[in-house]
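# Residue-level structural notes
One-letter residues, chain by chain:
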Amino acid sequence: MSLKSTLGAATALGLIAASSAYADSHSPSITIATVNNGDMIRMQGYTDTFTEATGIAVEWVTLEENVLRQRVTTDITTKGGQFDIMTIGMYETPIWGAQGWLVPLDDLSAEYDVGDILPAMAGGLSHDGTLFAAPFYGESSMIMYRTDLMEKAGLEMPEAPTWDFIAEAAAAMTDRDNEINGICLRGKAGWGEGGALITAMANSFGARWFDEDWNAQFDTEAWANTVNFYKNMMDASGPAGYATNGFNENLSLFQQGKCGMWIDATVAASFVTNANDSTVADSVGFALAPDNGLGKRANWLWAWALAIPAGTQQEAEAKQFIEWATSKSYIELVAGNEGWANVPPGARKSLYENPEYQKVPFAQMTLDSILSADPENPTVDPVPYVGVQFAAIPEFAGIATEVSQEFSAAYAGQQSVEDALAKAQDITNEAMEAAGYR
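Scope of this entry: the structure provided in the associated data block. In this text the structure is predicted, and so the values were computed from the model without any measurement.

Quick notes on the rules
Residues numbered from 1 in each chain as written. Predicted model: local features only at pLDDT ≥ 70, side-chain atom pairs only at ≥ 80, totals over all residues. Heavy atoms only, no water. Helix = DSSP H or I, 4+ residues; strand = E, 2+ residues; numbered from the N terminus. Rg over C-alpha atoms; globule rule 2.2 N^0.38 Å. Buried < 20%, exposed > 50% of the residue type's maximum accessible area, 1.4 Å probe, protein only. Contact = heavy atoms within 4.5 Å. Areas by Shrake-Rupley, 256 points an atom, 1.4 Å probe, with all protein chains shown as cover.

### Quick notes on the overall build of the protein
- Of the regular secondary structure elements, the protein holds 19 helices and ten strands.
- In summary, the protein has a C-alpha radius of gyration of 22 Å against a globular reference of 22 Å for 438 residues, a match within 12%.
- C-alpha atoms of the protein, sized along the principal axes, occupy 65 × 55 × 35 Å.
- Classification of the 438 residues of the protein by burial places 59% in the buried group.
- Residue pairs in contact within the protein that sit at least 24 positions apart in sequence constitute 75% of those at least 6 positions apart.
- Accessible surface computed for the protein: about 16700 Å², of which carbon and sulfur atoms make up 48%.

### Details of the environment of Ala373
- Within the secondary structure layout, Ala373 lies in the loop between α17 (363-372) and α18 (396-411).
- Residue class for Ala373 comes out buried when judged on its relative accessible area of 11%.
- A sequence separation of 233 residues divides Ala373 from Ser140, and the C-alpha atoms of the two residues are 7.4 Å apart.
- Leaving out residues up to four positions away in the same chain, Ala373 has contacts with Asn299, Trp300, Leu301 and Val388.

### A short note on α17
- Among the residues making up α17, those that are buried are Ala363, Met365, Thr366, Leu367, Ser369 and Ile370.
- Those residues of α17 that are buried lie in contact with α6 (119-124), β6 (134-139), β7 (141-146), β9 (284-288), α15 (349-353) and α16 (355-358).

Everything listed here is a matter of geometry and, on its own, says nothing about what the molecule does.
Here it is, written out as structure tokens:
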């Protein structure tokens, strides 16, 4: 390890060293469930420095996104006790915090500086003003596109494009002979996979999940327009098998040079511009998620965050790890080793005030996208729920998983869009009636 890296590691551990019970004969251990995204995998590579300084061993359970959601939800609702730290997000955190299922993070150290967390992230990870999960990184969604292919098509990407422009550009950039798809979008079933993309997209088309009386809205023209537009564009310009592609599948396609555009999590920007992994790293541009002139863009708001399930026997050790992994100093550690473009983004105000980070080409667009998402007013017409790409009610995950399965079947040509929307309407209304909303 270089001197710079060594100093970075020492700084990152400064937050925990004072309170740390260094390695003893019992060798305390914590088990962390996390998602198999790049930033989380990168974090695992640095945890030896945490263990060396604290004596706390870390065991990782790394899972695909849909599987992670199922595992942690089952574990916390059954009090299974498999994990000391869970990677969860803005949907689960306030709901589980209200249920008393999570340990409040209301006693983090002054040096940790909770006030530095971006308000959009802190608010989404709190219940009644109490933080219940610390953001490892925050994100919205935006357009990542090939500047060379856009130029070749004779088009120029606006900073704030419409969906019509995106469809036009996708068609112009598609080159089947050279395995280039004009656009890559999530179609994979799962409320947080393809379900997140189509919900955010629907917001920009004037659609919503529920009206103000909790009636499902899938029988509306706005939803029909959304899903038909998506399917027509993806059939014409998307990759084969797009109905089963999620974040990681589309990331791989883009890095291989097989996507002209990709609309997805802002956190992906560091991976598509990393020359070690991306064949198109030097020709990537960024733009805000599209709109339809209705006042809402198709960008979401999310944080992958670390939370402690109530009842863990390793609460103190888990808090030490969370302070380390979500600190300013961890960001500096990664920057010292891998450059500012590769630090976990979207969580702290100080990162966007840092002159070095301001030089990163996607930094400002990421922040603009995060700030433009409004979970309190996510749709054109009023709704009774909070959340951009989800409705923050306990029943949503189950309902939306089923609905997304119907949509994916339509994308794959197994049923019509009309049939998928009719089934979504019935699934949603029946579940809401059973839950007592209607």
